[in-house]
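What the coordinates show
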Amino acid sequence: MTHKPLRLIIDRKALQSNWRWIAAQSGVETGAAVKADGYGLGAVEVVATLADAGAKEFFVSTWDEAEALGKLPEGARLAVLHGLGPDDALAAKDSPHRPVLNTMSQVQRWRAAFGDRACDVMIDTGMNRLGVGMDELDGLQGLRIDTLHGHLACADEDHPMNALQLERFSAAKARVEAQRYALANSAGILLGKDYAFDLVRPGIALYGGVPRREAELMIEQVVTPEAQVVQIHTVKAGDSVGYGATFTAERDTPVATLNIGYADGFARNLSGKAHAVRGNTLLPLLGRVSMDLVAVDISRAGDVREGDWMAIDYQLPQIARDAGISQYEALTGLGQRFERVWV
Ligand SMILES: *Cc1c(COP(=O)(O)O)cnc(C)c1O
């Protein structure tokens, strides 16, 4: 295969350690959301790694994502969050996986095609995005429901919606029979045991995101982007760097140009904010992030050569703040030009 000049270093132990910490917080069956190709890490590897740590319940968005996972590890189960759309019957027919039915028309489609095969159902407790309405619960009678799900809209904040959604979900639980009940994502787990019910669906916290301050210092960084040096040169005092000439050197400055840019999901808003890392030394980015390149001040880096690998300081909370994006975007945006290297 052709060499790729940028790679994501993915820390298997950190991923497992985050899952274990989250599982300990929840105190109940703890699954993992692995949609969007495992939040960009590679869903097949994520599932294998978390199954190895003890996870059994996995969640993707679409049947296409389910198929891409191939054969699951022994004992693992999978649910498809977007349910059974008009074009999904064929995929569902030969699949061992459960849809999470989101609308009454999905429920009818499922009943008509598969009778009393087990399914999951998502109810809408106030997010108004996906889910069967609180006024439609009677229509679920007779379905064989494995897990009844709800989803929190504001769990990463101290918001009155949290208690309201908890109350509505508890009311739905009293009315709808299911094997298990599940409400919490990563942030929801940190709201307390009341929110855990029988099963939780963490995503971002497994991958190094810090959804609430309760998780600070407990969640380990999992993903580190590294890029190769394309060129080394010295920018003369008074000369500028990059598009828009936004940075001007005050003194002669040695600069390394790295093979990473905003087309790789390295946000352009990180211009002048993010750092590369060499040993323990943070090296400032100079000028604007280009589509495929970024310039780094290597004054304090010691000996750097073309072809050397340089890591980017990519702690999700900090990157998200600096770039003005969510931690989810900072992670899932990291594109297909990275080789994924599991260590
Ligand atoms: C993506 C998703 C999750 C995981 O959410 P995080 O905030 O990443 O922990 C849980 N539940 C549902 C329904 C989701 O779509």
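Data block above holds the structure.
This section reports on the structure supplied with the text. Note that the structure is predicted; figures quoted are calculated from it, not measured. (Residues numbered from 1 in each chain as written. Predicted model: local features only at pLDDT ≥ 70, side-chain atom pairs only at ≥ 80, totals over all residues. Heavy atoms only, no water.)

1. A closer look at the packing of helix α1 (residues 12-26) against helix α3 (residues 43-53)
The condition is simple: In this analysis an axis means a line fitted to C-alpha atoms, helices contributing only their contacting stretch, and an angle means the value between N-to-C directions, from 0 to 180 degrees. Put simply, DSSP marks the helices as runs of H or I at least four residues long and the strands as runs of E at least two long, and each gets a number from the N terminus on. If an angle is under 35 degrees, it is roughly parallel; if it is over 145, roughly antiparallel; if it lies from 65 to 115, roughly perpendicular; otherwise it is oblique. Less than a right angle of anticlockwise turn of the near helix away from the far helix marks a crossing as left-handed, whereas a clockwise turn marks it as right-handed. Residue contacts are defined here by distance: any two heavy atoms, one from each residue, within 4.5 Å place the two residues in contact. Residues are grouped as follows: nonpolar covers Ala, Val, Leu, Ile, Met, Phe, Trp, Tyr, Cys and Pro; charged covers Asp, Glu, Lys and Arg; every other residue, Gly included, is treated as polar.
The geometry of α1 relative to α3 is characterised by a closest axis approach of 9 Å and an angle of 55° between their N-to-C directions. Between α1 and α3, the crossing angle belongs to the class labelled oblique. The handedness of the crossing between α1 and α3 comes out as right-handed. Between α1, through R12, L15, Q16, W19 and R20, and α3, the contact on the second element is made entirely by E45, V46, T49, L50, D52 and A53. Here the residues of the contact of α1 with α3 are counted per class, giving five nonpolar, two polar and four charged.

2. With respect to empty space enclosed by the protein
Put simply, the rule is: Here a cavity is any set of points on a 1 Å grid over the protein atoms alone where a 1.4 Å probe fits but cannot get out, and a pocket is any open set with protein on both sides within 12 Å along at least 5 of 7 lines; a residue lines the site when it has an atom within 4 Å of a point. Grid points are joined across faces, edges and corners, and a volume is the space filled by probe spheres set on the points.
Using the criterion set out here, one finds one cavity of 30 Å³ or more in the structure. Quantified by volume, the largest cavity comes out at close to 30 Å³. Grouping the amino acids of the lining of the largest cavity by side-chain chemistry returns six nonpolar, two polar and no charged.

3. What to know about the pattern of salt bridges
As a reminder, the rule being used: For salt bridges, the criterion is a side-chain nitrogen of Lys or Arg within 4 Å of an Asp or Glu carboxyl oxygen.
Counted under the stated rule, the structure contains 19 salt bridges. Note that R7 and E226 form a salt bridge whose closest N and O atoms lie 2.8 Å from each other. With R7 in strand β1 (residues 6-10) and E226 in strand β11 (residues 223-235), this residue pair connects regions lying 219 residues apart in the sequence. Connected via shared salt-bridge partners are E57, R77, R98, D120, D146 and R180.

4. Brief notes about α3
Applied cut-off: Burial here depends on accessible area, computed with a 1.4 Å probe over protein chains only, as a share of the maximum for the residue type. Under 20% is buried, over 50% is exposed, and the range in between is partly exposed.
Among all positions of α3, only A43, V46, V47, T49, L50 and A53 are buried. Residues of α3 that are buried in the fold lie against α1, β3 (32-33), α2 (35-39), β4 (57-60), α4 (63-69) and β19 (339-342). The positive-phi residue at the C-terminal boundary of α3 is G54, with phi of around 125°.

5. Some details on unusual backbone geometry
A positive phi angle is found at D37, which is not glycine, with a value near 55°. Within the fold, D37 resides in helix α2. Given the relative accessible area of 40%, D37 is considered partly exposed. You will see that L217, though not glycine, has its phi angle at about 70°, which is positive.

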